[in-house]
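Chain by chain, the residues:
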Amino acid sequence: MKAFSTDPAVRWLFCMTHPDDEISICAWIHRLVENGNPVYISWTHSNSIREHEARSVAALLGVPQEHLFFFHSRDGAVCDEMPQLLPRFREMMESVKPDRVCCGAFEQGHLDHDATNYLVTQSFDGPILEIPFYHTYLTRIQRINRFSHPADEEVHYLNHSEQAFKKRVARQYPSQNIWSVLLSYEVWQKARLKPIELAKSERMRFKTHMDFRKPNHPPTLSKRIRRSKSWKRWRGALRAAMRAESGRAMLIC
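Keep in mind the model is a prediction, meaning the values are calculated, not measured.

Here's the deal with the packing of aromatic side chains
- Going through the model one piece at a time under the given rule, you end up with 10 aromatic pairs.
- Between tyrosine 118 and phenylalanine 212 the ring centres are 5.2 Å apart and the planes differ by 85°, which places this aromatic pair in the edge-to-face class. Note that tyrosine 118 is positioned in helix H4 (residues 111-123) and phenylalanine 212 in the loop between strand E9 (201-206) and helix H7 (219-226), a separation of 94 residues in sequence.

Topic: the pairing of strand E4 (residues 100-104)
- The element E4 is largely enclosed, with a buried count of five among its five residues.
- By the bridge criterion, four bridges tie strand E1 (residues 12-16) to E4 in an arrangement that is parallel. The partner of leucine 13 across the bridge, within E4, is valine 101.
- Of the strand pairs in this sheet, E4 and strand E5 (residues 128-131) are connected by four bridges, and their pairing is parallel. Its bridge partner being in E5, glycine 104 is matched across the sheet by isoleucine 131.
- As a crossover connection, the stretch from E4 through H4 into E5 is right-handed.

Looking at the environment of glycine 236
- By the element assignment, glycine 236 lies in helix H8 (residues 229-252).
- Of the residues examined, glycine 236 reaches a relative accessible area of 26% and is grouped as partly exposed.
- Put simply, glycine 236 and proline 174 are 62 residues apart on the chain and 34 Å apart in space, counted from C-alpha to C-alpha.

With respect to the nonpolar core
- With 37 residues, the main nonpolar core has Trp12, Phe14, Ile41, Leu61 and Met204 as its most contacted residues.
- Those elements that place two or more of their residues in this core are E1, helix H1 (26-35), strand E2 (39-45), helix H2 (48-61), strand E3 (68-73), E5, helix H5 (160-170) and helix H6 (178-191).
- Contacts of leucine 61, omitting those with residues within four sequence positions, involve Cys26, Ile29, His30, Val33, Ile41, Phe165 and Val169.
- If you look at the next biggest cluster of nonpolar residues, it comprises 33 residues, including Phe71, Phe106, Trp234 and Ala241.

So, the pattern of salt bridges
- All chains considered together, the criterion is met by 13 salt bridges.
- A salt bridge links arginine 31 to glutamate 162; the nearest nitrogen and oxygen atoms lie 2.8 Å apart. Taken together, the residues span a long stretch of sequence, with arginine 31 in helix H1 and glutamate 162 in helix H5 at a distance of 131 residues.
- The class of arginine 31 is partly exposed, set by a relative accessible area of 31%.

Focus on the environment of proline 83
- Take proline 83: it is sitting in helix H3 (residues 82-96).
- Overall, proline 83 belongs to the buried group, its relative accessible area being 14%.
- Separated by 26 residues in the primary sequence, proline 83 and valine 57 place their C-alpha atoms 29 Å from one another.

Quick notes on the rules
Residues numbered from 1 in each chain as written. Predicted model: local features only at pLDDT ≥ 70, side-chain atom pairs only at ≥ 80, totals over all residues. Heavy atoms only, no water. Phe/Tyr/Trp six-rings, centres within 6.5 Å; stacked < 30°, edge-to-face > 60°. Helix = DSSP H or I, 4+ residues; strand = E, 2+ residues; numbered from the N terminus. Buried < 20%, exposed > 50% of the residue type's maximum accessible area, 1.4 Å probe, protein only. Pairing = 2+ DSSP bridges. Right-handed = clockwise from strand over helix to strand, strands pointing away. Core = buried A, V, L, I, M, F, W, Y, C linked by side-chain atoms within 4.5 Å. Contact = heavy atoms within 4.5 Å. Salt bridge = Lys/Arg side-chain N within 4 Å of Asp/Glu carboxyl O.

Structural data, given as structure tokens:
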């Protein structure tokens, strides 16, 4: 099974966390739309300004407005709101009935991203594809659009028109500084003699890491993450979400 499948019968749902996360996979979304695939997008966090930007980008991608979902969770607090969000994610899955769901990787770059990954995993039983956003929250300058370990990733190399389209999408968020962040990152990598051009490719992998009590990185990095305040906050939020889910299960029984 290929991550970047062009089977026109496949129904795709992209569960983004913040409006602008879709930059990481926008060329593929656009290709799917042109291919005739049913495509849906959700955002876990949004406010009125960012929702407007997300809707504008969706129109640029060709995704119908009726295929968009907004959960309006607070920025930086998605992990604390997982118990309230999970039933709504399940309702979305029931409504869309996707064949595949794509979301940001469980990569300890942002607690909100990890929370969306958890919500997707708990609400969808089919194939889940992870997209690298950035990691980890241990460093000021995080690694963008790359997994910490490339094993099992698939790379979709973009042609010139797709690269131009990706750059155009990245400029569509006036409330954010994402365009300057991406440019600065490329300059920094070039100065380190590790040049990277973010617009040249998009990456995904099938999700296999299901234990949300453990960081999803090589051992040395995982050990450092476990000692961080952010990871301790994640573990507390995860315990609260699991308790709430256990309570819901008891009520059903």
